[in-house]
Amino acid sequence: MMIKNIDHIGIAVKSLDEALPLYTETLKLKLEGIETVESQGVKVAFILAGNTRLELLEALSPASPIAKFIEKRGEGIHHVALGVDDIEDRIKEIKEAGLRMIDDSSRKGAHNADVAFVHPKSTAGVLYELCEQALSKEEQK
């Protein structure tokens with residue numbers, strides 16, 4: 001199976017501090033945690049929303065891709081992350097199908113997951129992230 005699920009939906013925000021109350025207080029969703037992903041220039045908050053998660057992304061600097069996204073398009077949905085197994089095989093299959101990748105191989109993302117992005121020019125303007133979650137210690141046994 002190429003795609004397992006929607007792992008999360010990435011939402012670009014100017015400020016996690018300003019955005020979080022909407023999700024945690026108004027919508028009563030559970031904050032799973034906040035972490036910094038230096039390699040991608042973001043601070044992220046994961047929020048549990050039923051059987052998927054929302055990933056709020058705040059830029060760490062004006063040079064961050066998220067800062068550039070907000071400057072160009074404003075806050076809002078940035079990407080849809082698709083859960084996969086064997087991400088390197090999925091990247092190969094997608095390229096063989098004629099789609100353009102931003103990442104030719106996976107890199108580390110939030111929660112130590114392996115991630116790679118499919119170029120939105122190949123997918124009707126939608127930025128898709130392939131996401132292979134790191135195995136928990138129990139799953140590794």
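Residues numbered from 1 in each chain as written. Predicted model: local features only at pLDDT ≥ 70, side-chain atom pairs only at ≥ 80, totals over all residues. Heavy atoms only, no water.

Caption draft 1: The layout of surface pockets, seen in detail. Estimated volume of the largest pocket: approximately 790 Å³. Lining of the largest pocket is provided by 36 residues; of these, Pro65, Phe69, His78, Ile102 and Leu127 occupy positions nearest its centre. Breaking the lining of the largest pocket down by element, the ones donating at least two residues are β1 (5-13), β3 (42-49), β4 (52-59), α2 (65-73), β5 (76-83), β7 (114-118) and β8 (128-132). Counting residues per element, the lining of the largest pocket draws most heavily on α2, at six residues. Of the residues belonging to the lining of the largest pocket, the class tally is 18 nonpolar, nine polar and nine charged. (1 Å grid on protein atoms, 1.4 Å probe; cavity = no way out; pocket = protein on both sides within 12 Å on 5 of 7 lines; lining within 4 Å. Points joined across faces, edges and corners; volume = space filled by probe spheres on them. Helix = DSSP H or I, 4+ residues; strand = E, 2+ residues; numbered from the N terminus. Nonpolar A, V, L, I, M, F, W, Y, C, P; charged D, E, K, R; others polar.)

Caption draft 2: Broad picture of the packing of aromatic side chains. Applying the stated criterion across every chain yields a total of zero aromatic pairs. A cation over a ring is seen here: Arg53 above Phe46, with NZ or CZ 4.7 Å from the ring centre. (Phe/Tyr/Trp six-rings, centres within 6.5 Å; stacked < 30°, edge-to-face > 60°. Lys NZ or Arg CZ within 6 Å of the ring centre and 35° of its normal.)

Caption draft 3: Broad picture of the sheet that holds β4. Ordered in space as β2-β3-β4-β1-β5-β8-β7-β6, the eight strands form an open sheet in which the pairing is mixed. The open sheet is flanked by β2 (30-37) and β6 (107-108), the only strands paired with a single partner. Here eight bridges tie β3 to β4, and the two strands are oriented antiparallel to one another. Opposite Lys43, over in β4, you have Glu58 as the bridge partner. (Pairing = 2+ DSSP bridges.)

Caption draft 4: Layout of the confidence of the model for the protein. For the protein, the average pLDDT comes to 93, and 94% of its residues sit at 70 or higher. For the protein, helix α4 (residues 137-140) is the element with the lowest average pLDDT, namely 42, and helix α1 (residues 16-26) is the one with the highest, namely 98. Segment residues 136-141: pLDDT under 50, and two contacts once partners within four positions in sequence are set aside and those in other chains are kept. (pLDDT = per-residue confidence, 0-100. Contact = heavy atoms within 4.5 Å.)

Caption draft 5: How the structure looks around α2. Among all positions of α2, only Ile66, Ala67, Phe69 and Ile70 are buried. The buried side chains of α2 occupy one side of the element, clustering within an arc of 160° when seen end-on. Seen from the open side of α2, the exposed residues pointing more than 90 degrees away from its buried face are Pro65, Lys68, Glu71 and Lys72. The secondary structure elements touched by the buried residues of α2 are β1, β3, β4 and β5. Remark: Gly74 follows α2 within two positions and exhibits a positive phi of approximately 85°. (Buried < 20%, exposed > 50% of the residue type's maximum accessible area, 1.4 Å probe, protein only. Arc of directions from axis to C-beta.)

Caption draft 6: Seen up close, the environment of Ser122. Looking at the element boundaries, Ser122 is found in the loop between β7 and β8. Engagement of the side chain of Ser122 in a polar contact is seen with the backbone nitrogen of Arg100, the distance being 2.8 Å. (Polar contact = N/O pair within 3.5 Å; in protein donor to acceptor, adjacent residues only side chain to side chain.)

Caption draft 7: Representation of unusual backbone geometry in the model. The backbone of His111 shows a phi angle near 60°, a positive value even though the residue is not glycine. Despite not being glycine, Asn112 shows a phi value in the positive range, around 60°. Take Asn112: it is sitting in the loop between β6 and β7. Exposure remark for Asn112: the relative accessible area of 46% places this residue in the partly exposed category.

Caption draft 8: Inspection of the pattern of salt bridges at higher detail. Evaluated as defined, the whole model comprises seven salt bridges. Asp7 serves as the salt-bridge partner of Arg53, at 3.1 Å between the closest nitrogen and oxygen. Of the two residues, Arg53 sits in strand β4 while Asp7 sits in strand β1, which places them 46 residues apart along the sequence. Across the pair Asp104 and Lys95 runs a salt bridge whose closest N-O atoms are separated by 3.2 Å. You can call Asp104 exposed: its relative accessible area is 52%. (Salt bridge = Lys/Arg side-chain N within 4 Å of Asp/Glu carboxyl O.)

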